[in-house]
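# Understanding the architecture of this molecule
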Amino acid sequence: MKKFLIGTTALIGAAMIAGAAQAEDPKVMVGGVIDFQAGYADQDGSANQSDFGFRNDTEVSFSVHGKADNGLGYGAVIDLEADVTGDANNEGLNASNTYVFMDGSFGRFELGSTAGAAETLAVEADNIARGTGGIDGDWVYFANPTGAGFISTPGLGAEHGSVTAFGDESSFNANKINYYSPRFSGFQLGVSYTPDLENRGQLVDRLENGYGDVWEAGLNYEGDWDGLGFAAAATGIMGDAEFAGGNDLEGYNVGLATNLYGFNVAGSYGDWLDTLGVDADYYTVGLGYDFGPFGASATWLDSSAGANDFENLVIGADYSLAPGLTPYAEVSMFDADGGAGASNDGTVVILGTELAF
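Now for a description of the structure that goes with this document. Bear in mind that the values here come from a model prediction, so they are computed numbers and not experimental data. (Residues numbered from 1 in each chain as written. Predicted model: local features only at pLDDT ≥ 70, side-chain atom pairs only at ≥ 80, totals over all residues. Heavy atoms only, no water.)

To continue, consider the pattern of salt bridges. Within the structure shown, the criterion is met by seven salt bridges. Here Asp290 ties to Arg130 by a salt bridge, and the two come within 2.4 Å at their closest N and O atoms. Of this pair, Asp290 sits in strand β12 (residues 280-291) while Arg130 sits in the loop between α2 (117-120) and α3 (157-160); the two residues are 160 residues apart in sequence, bridging distant segments of the chain. Assessed through its relative accessible area of 8%, Arg130 is described here as buried. Look at the salt bridges and you will find they share partners, linking Arg55, Asp57 and Asp138 into a network. (Salt bridge = Lys/Arg side-chain N within 4 Å of Asp/Glu carboxyl O. Helix = DSSP H or I, 4+ residues; strand = E, 2+ residues; numbered from the N terminus. Buried < 20%, exposed > 50% of the residue type's maximum accessible area, 1.4 Å probe, protein only.)

What follows is the structure in structure tokens.
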């Protein structure tokens, strides 16, 4: 489940280890999640399709942590896909994240296939979403693709992946180097470099058929002012188009989030600049409430890419029934109004139960 942002990006900051720490041999921790969903979809263009279906999503995660005599922290993160089919959103056939890290008073380096700073440090409305993640949740797996040129989930070009399909995340975990600074007075800086957005895992084809020399950067702030939790971020991305007739990859995002007495409010604006060759941007707004084991949220996305407009309102709720066991419900109502792409609208209802271990 998506949780409120304040305190989540601090996981990066919490890994900064002081130089005087005692050495420790590498230790392996195993965890994961299994999520069963029943989904109903009522959408235009769904001839010869059933309205109802089941979906099962399973991941097993390995986390390795060690510490050298000089206080250097090191380790690895491996998130394995553990389903009986390939990954539904093209994150990878075997794994979605595989990287080595080193951290200390200098900050944190990550080396491998994982998300970049523009995604990790961003503040979006989906950070406070309950259920499966609201506007960046699992509605995409029950909805039919709408057509080319729609920004259907919040994120910049490398995170969003293909704009021709819902739920495509084939480029966010390209092979890269990330650096995150320690958090000073609530502020944290992140920078990422990706040589080729098409290469991840063992693939190193060096073909100039996508985006290369991709740089990401983000500045994130988290704080608590007399009980008012506050988060803000500005992130950006740029890269070279290595294919004929393509526009360079570029864009930026700014976002804010607050929480007080269990109420969460968040919003963001993202601009893809000239990445698609047309004006393309998006807005997100979200409102959430936490009451003990129960949480609910409403998140909204409004985007445009040239003549293609997309809107999505997602209402979700979940309940912590037992440690790690969380039933939830979510309703997504989206409308895609296409110029060059196809027009489409629909409603997706998901009932599910997630077990995190």
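Attention shifts here to unusual backbone geometry. Across residues other than glycine, the phi torsion is negative in most instances, and most of the peptide bonds are trans. You will see that Tyr261, though not glycine, has its phi angle at about 55 degrees, which is positive. Relative to the helices and strands, Tyr261 resides in the loop between β10 (249-260) and β11 (263-271). A relative accessible area of 73% means that Tyr261 is categorised as exposed. Positive phi values are uncommon outside glycine, yet Leu273 reaches one of about 50 degrees. When you line up the elements, Leu273 lands in the loop between β11 and β12. Judged by its relative accessible area of 35%, Leu273 falls in the partly exposed class.

Each aromatic ring pair is summarised here by two numbers: the centre-to-centre distance and the angle between the ring planes. Inspection of every chain in the model, using the stated rule, returns 17 aromatic pairs. When the ring of Phe310 is compared with that of Phe334, the centres are 6.3 Å apart and the planes differ by 20 degrees; the resulting orientation is stacked. Remark: Phe334 occurs in strand β15 (residues 325-337) and Phe310 occurs in strand β14 (residues 308-319); sequence separation between them is 24 residues. Per residue, the accessibility class of Phe310 equals that of Phe334, and both read buried. Counting every residue linked through ring pairs, the aromatic cluster contains Phe187, Tyr221, Trp225 and Phe230. Looking at Arg55, its charged tip hangs above the ring of Tyr141, at a distance of 3.8 Å from the centre. Just above the ring of Phe101 sits the side chain of Arg108; from NZ or CZ to the centre is 4.2 Å. (Phe/Tyr/Trp six-rings, centres within 6.5 Å; stacked < 30°, edge-to-face > 60°. Lys NZ or Arg CZ within 6 Å of the ring centre and 35° of its normal.)

On to the environment of Ala232. Checked against the element boundaries, Ala232 lands in strand β9 (residues 228-241). In the structure, Ala232 is positioned 108 residues away from Glu124 in sequence and 9.4 Å away in space, judged by C-alpha atoms. When neighbours within four sequence positions are excluded, Ala232 is seen to be in contact with Val123, Leu219, Asn220, Tyr221, Gly255 and Leu256. (Contact = heavy atoms within 4.5 Å.)

This brings us to a negative patch on the surface. A cluster of acidic residues, Asp42, Asp44, Asp51, Asp309, Glu311, Asp335, Asp337 and Asp345, forms a negative patch at the surface. When contributions to the negative patch are tallied by element, the ones reaching two or more residues are β14 and β15. Considering the arrangement of structural elements, one finds Asp337 in strand β15. Here Asp337 falls in the partly exposed class, since its relative accessible area comes to 43%. (Patch = residues over 30% accessible without salt bridge, like charges linked within 9 Å, V, L, I, M, F, W, Y side chains within 5 Å. Areas by Shrake-Rupley, 256 points an atom, 1.4 Å probe, with all protein chains shown as cover. Lys, Arg positive; Asp, Glu negative; His and termini not counted. Charge placed at Lys NZ, Arg CZ, Asp CG, Glu CD.)

Core analysis: the largest hydrophobic core is formed by 29 residues, its most contacted members being Trp139, Leu197, Phe310 and Val348. Taken together, the elements giving at least two residues each to this core come down to β8 (211-225), β12, β13 (294-305), β14, β15 and β16 (344-356). Here this core gets three residues from one element, more than from any other, and that element is β15. Judged by nonpolar contacts, the second largest core, of six residues, contains Val123, Ala231, Ala257 and Ala266. (Core = buried A, V, L, I, M, F, W, Y, C linked by side-chain atoms within 4.5 Å.)

For the rest of this paragraph, the subject is the pairing of β8. Judged from the nine bridges that link them, strand β7 (residues 187-196) and β8 form a sheet pairing that is antiparallel. Within β8, the residue paired with Gly190 across the bridge is Gly218. Sheet topology places β8 next to β9; 13 bridges connect them, and they run antiparallel. Its bridge partner lying in β9, Glu222 is registered against Ala231. The loop that links β8 with its antiparallel partner β9 comprises two residues; one of these, Asp226, has a positive phi angle of about 55 degrees. (Pairing = 2+ DSSP bridges.)

Our focus in this paragraph is the side chain of Thr58. Within the secondary structure layout, Thr58 lies in strand β2 (residues 52-67). With a relative accessible area of 12%, Thr58 lands in the buried category. Excluding its chain neighbours within four sequence positions, the residues that come into contact with Thr58 are Val33, Ile34, Leu80, Glu81, Ala82 and Asp83.

In this section: the environment of Val204. Mapped onto the fold, Val204 is located in the loop between β7 and β8. For the pair Val204 and Asn175, spaced 29 residues apart in the sequence, the C-alpha separation amounts to 9.3 Å.

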